[in-house]
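In case you want the letters, here they are:
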Amino acid sequence: MEPDSGGRVNAAPADTGTADVRFEQVEKRFGEVLALRSLDLEVPRGSFFSLLGPSGCGKTTTLRLIAGFEQPSRGEVYIRGRRVTGVPAHKRNFGMVFQSLALFPHLSVAQNVAFGLKMRRVDAARIAPKVDAALDLVALGGFGRRYPNQLSGGQQQRVALARAIVFEPDVLLLDEPLSALDKLLREQMQVELRQLQRRLGTTTVFVTHDQEEALTMSDSIAVMSDGRIQQIGRPDDIYERPETEFVATFLGASNILPARVQRLEAGRAYVAFAGITAWVDRPARWRPRQGDDVKLALRPEKVRVDPEHGRIEGRVRQVVYRGAQTHLCLDAGGVAINAHLPNSNVLPFRLDPGATAWLDWNDDCMVPLP
Ligand SMILES: Nc1ncnc2c1ncn2[C@@H]1O[C@H](COP(=O)(O)OP(=O)(O)O)[C@@H](O)[C@H]1O
Ligand SMILES: [Mg+2]
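Scoring rules and cut-offs
- Residues numbered from 1 in each chain as written.
- Chains lettered and ligands numbered in written order.
- Predicted model: local features only at pLDDT ≥ 70, side-chain atom pairs only at ≥ 80, totals over all residues.
- Heavy atoms only, no water.
- Helix = DSSP H or I, 4+ residues; strand = E, 2+ residues; numbered from the N terminus.
- Buried < 20%, exposed > 50% of the residue type's maximum accessible area, 1.4 Å probe, protein only.
- Contact = heavy atoms within 4.5 Å.
- Areas by Shrake-Rupley, 256 points an atom, 1.4 Å probe, with all protein chains shown as cover.
- pLDDT = per-residue confidence, 0-100.
- Near = heavy atom within 4 Å.
- Polar contact = N/O pair within 3.5 Å; in protein donor to acceptor, adjacent residues only side chain to side chain.
- Pairing = 2+ DSSP bridges.

### With respect to the overall build of the protein
1) Next: Looking only at helices and strands, the protein has eight helices and 20 strands in total.
2) Next: Judged by the C-alpha coordinates and their principal axes, the protein covers about 75 × 45 × 45 Å.
3) Next: Across the 370 residues that make up the protein, the buried fraction comes to 47%.
4) Next: Taking all contacts inside the protein whose residues are at least 6 apart in sequence as the whole, residues at least 24 apart take part in 66%.
5) Next: As presented, the protein carries roughly 18100 Å² of accessible surface, and 48% of it is formed by carbon and sulfur atoms.

### Here we look at the confidence of the model for the protein
1) Next: Per-chain confidence: the protein averages 90 in pLDDT, with 94% of residues scoring 70 or above.
2) Next: Ignoring residues within four places in sequence, the model shows residues 1-16, a span with pLDDT below 50, making 27 contacts including any to other chains.

### Here's the deal with the site of ligand 1
1) Next: In the vicinity of ligand 1, the residues found are Phe30, Val33, Ala35, Pro54, Ser55, Gly56, Cys57, Gly58, Lys59, Thr60 and Thr61.
2) Next: Backbone polar atom of Gly56 to an oxygen atom of ligand 1: 2.6 Å apart, as the coordinates give it.
3) Next: Between ligand 1 and Cys57 there is a distance of 3.2 Å, counted from an oxygen atom to a backbone nitrogen or oxygen.
4) Next: When contributions to the shell around ligand 1 are tallied by element, the ones reaching two or more residues are strand S2 (33-44) and helix H1 (59-67).
5) Next: Among the elements that take part in the shell around ligand 1, H1 stands out by supplying three residues, more than any other.

### Observations concerning the pairing of S2
1) Next: By the bridge criterion, eight bridges tie strand S1 (residues 19-30) to S2 in an arrangement that is antiparallel. Bridge pairing in S2 places Phe30 opposite Val33.

Below, the structure is given as structure tokens:
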């Protein structure tokens, strides 16, 4: 994330008083399908909040509940402290961008952007300056007379964004708006979108299934699976301190090491696996007993490889050259361990399948999974 003058928008813990969107025990059923299971959620004012999870986990349903396109089967939704459960979409003040963009093909760019203002019966005289200002914000000043099919994919994206922000919504809802773009344009739009959001300060709920995109853009991420929130936190918290195996493996790669708890002390535990032992910190939610079998997550990029020194010896099973990194899979005491080595220098030794090498990492890189 690029630095900005105010530092992190959301460095302080969420305060209910400034939550722009709040879900209280929200459940959503579609017939037999339980799409959301008692969801609790708080989106702090002004923050960029991402819902991240695989297809079908309930992201769009969550967004549609904020918009009022759907109503909860149970629980309450609040926007800016006002209970809106049951309030229809047209009485909620949100801007929305869909993956399909849904631009009106027969309307010009300016007419597309003016649409929300007309719906809100804004004075005709005030519409043109607002449209111009919104188009300027997305760097499309002078494009008002064009039609959507005369624009590139990235420009269409910006029109959809201008249309969503022109009436100064309380909340901006974005449902995978970048996923149809190719990688380079997507990365560029990620930066633009985030800069625009910072400038406007509009509370934004962003849906994506792309881990890197969520990590890059968000103040907070809610990782979802199967209608539940697995973990909510800052990107670095979620990545460095995953609380479930799902989070550890869905966000980037993780080694999941099977271990046994040998001793417990306040705040830490002594664990053994594959013939080695280590002290690990005890996360609040992790309450094992002595002798329990547990799992530890270890990021592959935290693993160091050396020909002679380390904590455990491994035999190389697979080597994949990936440009910026080399990915190794090693067998260490019967446990498969993946190591992602930066290709910052030519390795001072050869690593081919069958070779042996020593693996090491810092103890605090091992994260117990409750
Ligand atoms: N209108 C609907 N009728 C029936 N099932 C639905 C409806 N909308 C969503 N679902 C189901 O709810 C679950 C969550 O869907 P959705 O929120 O669209 O997931 P995501 O956006 O994360 O891919 C899925 O199992 C989906 O099939
Ligand atoms: Mg969806």
